[in-house]
Every structure is written in structure tokens, then in C-alpha cells.
Amino acid sequence: MNVILSLIISGVAVFGLVAIAVIGWLANLHVLFGVVIPYVAAAIFLLGMIYRVVDWGKSPVPFRIPSTCSQQKSLPWIKYDYVDKLDNPHSKLGVWGRMFLEVVFFRSLFRNTRMQFGNGESIRYTSSKWLWLGAIAFHYCFFIVLTRHLRFFTQPQPFFVTMIEKIDGFFQIWLPTAYQSGLLLGAAVTFLLLRRLLIAQVRYVSLPADYFPLFLILTVVGSGILMRYVFKTDVVSIKELTLGLVNFHPKVPENIGVLFYIHLFLVCVLFAYFPFSKLVHMGGVFLSPTRNLPNDNRVVRHINPWNPEVKIHTYEAYENEFREKMIAAGLPVEKKVASTESKE
Ligand code: HEM
């Protein structure tokens, strides 16, 4: 699909969502936008994730899909060191190690390489860490921002939220305290978007399904930053609303600004969209057969459990059936007929 078209579709979609939130606020549909939509979005997210995980869980994976990155465990004299054990594990412990490094450090992305043309026709592969850096900054900041948001949903707020707030606002530049994770999150999403737009090969494979979540998250982050640092919002009223939501006694305070409704509505859309989009890789990584299965093909014989029963006709049975005819035709046989044997 044409890049301009992809951008227009995604941009118009996000702009339309913002417009819907503004119209809802102007029309005083506060219960709809502050209570009904958040509950519906949370339900879609939960049920959607359960559906996806159960669906993956039910998919047959009869064989191991070996990771070819490293040496597979083989004969005792073939070197199989700790890197191989993590890259190409043959035990459950190794699989746990590989999964841990994947989820926490994005290890396979860290090994990303880039093909470049050297002199003449030679090509070379160079290490390419920018995507890893952008991705890790994005995911960690997102996680920290979400964890910090727990202060809206808990009373009193848990100690770890206070701790994260203190560390995150360490530099104390600005008033209110500027949280580095929120600002860095905005920078990381912008980087990921620019990467898609500026690198021709990545642009070529990008679709609205890639741009839409980026635009959506960028707008969520942008509206959050505006709320905190530019147009002050009534955080006390917002906390009244969010605590009411989690305690299932929803109450919509009067003086909540439009920016909050935009922020909340876009977050609801993001959550409802999540299970059906590429973002679902958050859960998918744990069910990925190339990541969660030990490569023990040489140790264990894996038999496909639903292979159809194959009717076997062994050579012995075949010869028993046709022995006399074979002898008559002068064909060699393994066992002679009893009468022939005794004559001999
Ligand atoms: C995907 C989920 C969300 C993301 C990525 C997000 C992101 C952000 C960011 C980056 C900020 C700027 C300040 C900061 O760094 O904390 C912010 C502020 C804010 N967000 Fe969110 N947010 C999300 C969900 C929510 C939800 C569910 C609520 C509803 C209660 C909410 C309410 C607020 C409020 C009230 C502020 C202003 C905070 C202040 O003035 O201290 N956000 N958000």
C-alpha cells in the first residue's frame, strides 16, 4: 500500500477518535466516556487476550522448531557451551533462560544486523543496535508510565509506585516534577515512527496497522504530557473517577477537562484494539514455538500424535502371499516353501 495512503488512513482514524472524544465532552456524555467506554474497553481487552492465548494454546505444535542460531546439543565431543545452551536449549531450564533474556533484554533484537555493500560486489553484515535501543526505551518507559499511573487507581498508593515516582522525577527539573519516562516515551515513539518513515525498506513494508498504533500511542502520550505540564488538570477529581471505576461504584465528577477525556478515550481504544492487533505480541512471545520449546530432537523422538494410522504391508507378508508364484517365476525368495526345502 502507498505510504501516503497508509499515513492518511491512520492519521484520519486517530484524528477522528480525538474528535469523537471532544464531541462526547461537549455533549456532556460524561458517563458514557468516563464509565461505560472504560468498562467495555477493559472487558474487550481481558476477553480478547484470553481468547487469543487459548486459541494459540489450542494450536497443535507437534514438533520442535529448532532455533538455528547456534549449535544443537549433539554428540559429547561436539562443543555445546553456555551460549549454545541459551540460543539452542535442549532443556526446560535453558528455555526459561532464553525466554527471560528475550522478554527482559530483547536479546534477538540485540543481535540485529544490517546488510551493507562493501567495495565492489562484496557485502558485509554490520551490527545494528538503534532499533533495539529505541524498542527497549519505548517498552520500559511505557511500563514505568503505566506503573506510575497506578496512583490513580489505588488509595493509599503502593510503596513501589512512590519509589518509582521518586526515581523517575530524580532531576526535579520543572514544576510539577518532570518524569523522565513520560518524556522519553514520547521521544522513543517518535523515533520508531521516523524510522518507519525515513528508511526506505521499512517504509515499503509498513501498513496502516503499523502507523495507527504509533499515532495512537503518540497522541495518548502527547495529551498526557499536555495535561501534566501545560494545561493543568484537576487530578483530585480524576482520582475520584478512577477510584470509583476500580471499586465498581462509578461516579463522574463535574470539573474534568476535555484533555482528560481525549486521553482516556484513546487509552480505551488502545486497550480494546490491543488483542486484535500486532501489539498482542506482548502475550504472544510466551507462546511462540521458536522461543518456548527446547530443541531436543536428537534426544527425544517426537511422534506426531495425530498421524493417521498407516496400513503397513511388510515384505515378509508380501512374500508369504506370493512365494509360490515368485518361485515359479524364478524370482529369489528369502524363505523357501516347506516342501521345496525338504526336497533340497
Ligand atoms: C496506555 C496507557 C497510558 C499511557 C501510555 C499514558 C501516558 C501518559 C503520559 C506520558 C503522561 C504524562 C505524565 C507522565 O509521564 O506520567 C500521562 C499523564 C496523565 N495520564 Fe496517562 N497514560 C495512560 C493511561 C491513562 C489512564 C487509564 C488514565 C486514567 C485515569 C490516565 C490519566 C492521566 C492523567 C490524569 C495524567 C496527568 C497526570 C498529572 O497531571 O500528574 N492515563 N499519561
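In what follows, the structure referred to is the one given above.
The structure presented is a predicted model; accordingly, all values stated were derived computationally and were not measured.

A. The arrangement of the coordination of the iron atom of the ligand in detail. Bound to the iron atom of the ligand on the protein side are His149 (NE2) and His263 (NE2), at distances that span 2.0 Å. Coordination at the iron atom of the ligand is octahedral, judged from the six donor atoms that bind it and the angles of 86 to 177° they form at the metal. One end of the pair, His149, is in the loop between α6 (130-148) and α7 (150-153); the other, His263, is in helix α13 (residues 258-273), with 114 residues separating them in the sequence. Owing to a relative accessible area of 26%, His149 belongs among the partly exposed residues under this scheme.

B. Seen up close, the nonpolar core. Core analysis: the largest hydrophobic core is formed by 46 residues, its most contacted members being Leu17, Phe138, Leu185, Leu216, Phe260, Phe265 and Leu266. Taken together, the elements giving at least two residues each to this core come down to α1 (3-26), α2 (30-58), α6, α9 (180-198), α11 (208-230), α12 (235-246) and α13. With ten residues, the single largest contributor to this core is α13. Once you skip the residues sitting within four places of it in the chain, Phe265 turns out to touch Leu17, Ile20, Ala21, Phe33 and Ile37.

C. Representation of the packing of α6 against α9. For the pair α6 and α9, the least separation of the axes is 8 Å and the interaxial angle reads 145°. The hand of the α6/α9 crossing is left-handed. On α9, the residues touching Trp130, Leu131, Gly134, Ala135, Ala137, Phe138, Cys141, Phe142, Ile144, Val145 and Arg148 of α6 are Ser181, Gly182, Leu184, Leu185, Ala188, Val189, Phe191, Leu192 and Arg195. Among the residues forming the contact of α6 with α9, the class breakdown is 15 nonpolar, three polar and two charged.

D. Quick look at the packing of aromatic side chains. Summed over the entire model, instances satisfying the criterion amount to 13 aromatic pairs. With a centroid separation of 5.1 Å and 55° between ring planes, the pair formed by Phe45 and Phe271 is classed as tilted. In this pair, Phe45 is assigned in helix α2 and Phe271 in helix α13, connecting sequence segments 226 residues apart. Taking 5.1 Å as the distance between ring centres and 85° as the angle between the ring planes, the aromatic pair formed by Phe212 and Tyr273 counts as edge-to-face. Of the two residues, Phe212 sits in helix α11 while Tyr273 sits in helix α13, which places them 61 residues apart along the sequence. Assessed through its relative accessible area of 22%, Tyr273 is described here as partly exposed. Grouping aromatic residues by their ring pairs yields a cluster made of Phe45, Phe271 and Phe274. Sitting over the face of the ring of Phe110, Lys129 holds its NZ or CZ atom 4.3 Å from the ring centroid. Positioned above the aromatic ring of Tyr179, the side-chain terminus of Arg148 is 3.8 Å from the ring centre.

E. Structural detail: the site of the ligand. In the neighbourhood of the ligand, 25 residues make up the surrounding shell, with Arg148, His149, Arg151, Arg228 and His263 lying closest. The contact in question runs from a nitrogen atom of the ligand to an N or O atom on the side chain of His149, over 2.8 Å. Here Arg228 contributes a side-chain N or O atom positioned 2.5 Å from an oxygen atom of the ligand. Here the shell around the ligand is built from residues that sort into 17 nonpolar, five polar and three charged.

F. Summary view of helix α16 (residues 315-328). In this model, α16 (14 residues) spans 18 Å end to end at C-alpha, consistent with the 20 Å of a helix rising 1.5 Å per residue. When we look at burial in α16, the residues that qualify are Glu319, Arg323 and Met326. Of the residues flanking the end of α16, it is Gly330, one or two places downstream, whose phi is positive at about 80°.

G. Focus on the pattern of salt bridges. Under the defined criterion, the tally for this structure stands at twelve salt bridges. Across the pair Asp87 and Arg107 runs a salt bridge whose closest N-O atoms are separated by 3.0 Å. Taken together, the residues span a long stretch of sequence, with Asp87 in helix α3 (residues 82-87) and Arg107 in helix α5 (residues 107-110) at a distance of 20 residues. Accessibility expressed as a relative area gives 6% for Asp87, which makes it buried. Through salt bridges with shared partners, a single ionic network connects Asp87, Arg107 and Arg111.

H. Layout of α1. In this model, α1 (24 residues) spans 34 Å end to end at C-alpha, consistent with the 34 Å of a helix rising 1.5 Å per residue. Buried residues of α1: Ser6, Ser10, Val14, Leu17, Val18, Ala21 and Gly24, and no others. If you follow the buried residues of α1, they end up packed against α2, α11 and α13. Backbone nitrogen of Ile4 and a side-chain oxygen of the N-cap are separated by 2.7 Å at the start of α1; the cap is Asn2. Positioned one or two residues after α1, Asn28 has a phi angle of 60°, which is positive.

I. Local environment of the packing of α2 against α13. Two elements in contact, α2 and α13, have axes whose closest approach is 8 Å; the angle formed by their N-to-C orientations is 20°. By the angle between their axes, α2 is roughly parallel relative to α13. Once α2 is placed against α13, the crossing between them reads as left-handed. Across the interface between the two elements, His30, Phe33, Gly34, Ile37, Pro38, Ala41, Ile44 and Phe45 of α2 pack against Tyr261, Leu264, Phe265, Cys268, Phe271 and Ala272 of α13. Of the residues that constitute the contact of α2 with α13, the class distribution is twelve nonpolar, two polar and no charged.

Parameters and conventions
All residue numbers here refer to positions counted from 1 along the written sequence of the relevant chain. In keeping with the model being predicted, local features are shown solely for residues with a pLDDT of at least 70 and side-chain atom pairs are shown and tallied solely at 80 or more, while totals for entire chains, interfaces and linings include all residues. Just so you know, side-chain values use all the structure's heavy atoms and leave hydrogens and water out. Only N, O and S atoms count as donors, using a 2.8 Å cut-off from the metal and 3.2 Å for Na, K and Ca, and because water is excluded some sites may appear unfinished. Key to geometry: four donors with every angle between 85 and 135 degrees are tetrahedral; four donors are square planar and six octahedral where opposite donors lie over 155 degrees apart and all remaining angles lie between 65 and 115; all other sites are irregular. Helix and strand assignments follow DSSP, with helices taken as H or I runs no shorter than four residues and strands as E runs no shorter than two, numbered in order from the N terminus. Each residue gets one of three labels from its accessible area relative to the maximum for its type: buried under 20%, exposed over 50%, partly exposed in between, using a 1.4 Å probe on protein chains only. Among the buried residues, those of types Ala, Val, Leu, Ile, Met, Phe, Trp, Tyr and Cys that are joined through side-chain atoms within 4.5 Å form a nonpolar core. A contact between two residues is defined here by any heavy atoms of the two lying within 4.5 Å. Between N-to-C directions, angles cover 0 to 180 degrees, with each direction set by a line fitted to C-alpha atoms, over the stretch in contact for helices. Two helices cross in a left-handed way if the nearer one is turned anticlockwise from the farther one by less than a right angle. They cross in a right-handed way if the turn is clockwise. Note that Gly is not counted as nonpolar here; it falls among the polar residues with everything else outside the nonpolar set of Ala, Val, Leu, Ile, Met, Phe, Trp, Tyr, Cys and Pro and the charged set of Asp, Glu, Lys and Arg. Centre distance within 6.5 Å is the pairing criterion for rings of Phe, Tyr and Trp, where only the six-membered ring of Trp is used; planes under 30 degrees apart are then read as stacked, over 60 as edge-to-face, and the remainder as tilted. Ring-over charges, as used throughout, are those where CZ of Arg or NZ of Lys falls within 6 Å of the ring centre and within 35 degrees of the ring normal. Throughout this document, a residue counts as near a molecule or strand when at least one of its heavy atoms sits within 4 Å of that molecule or strand. Whenever a nitrogen or oxygen atom comes within 3.5 Å of another N or O atom, the pair is scored as a polar contact, on the condition that within protein one atom can donate a hydrogen and the other can accept it, and that pairs from neighbouring residues in sequence are kept only if both atoms are in side chains. One less than the number of residues in a helix, times 1.5 Å, gives the span that helix is expected to have. Criterion for a salt bridge: a side-chain nitrogen of Lys or Arg within 4 Å of a carboxyl oxygen of Asp or Glu. Each angle is binned into one of four classes, with values under 35 degrees roughly parallel, values over 145 roughly antiparallel, values of 65 to 115 roughly perpendicular, and all other values oblique.

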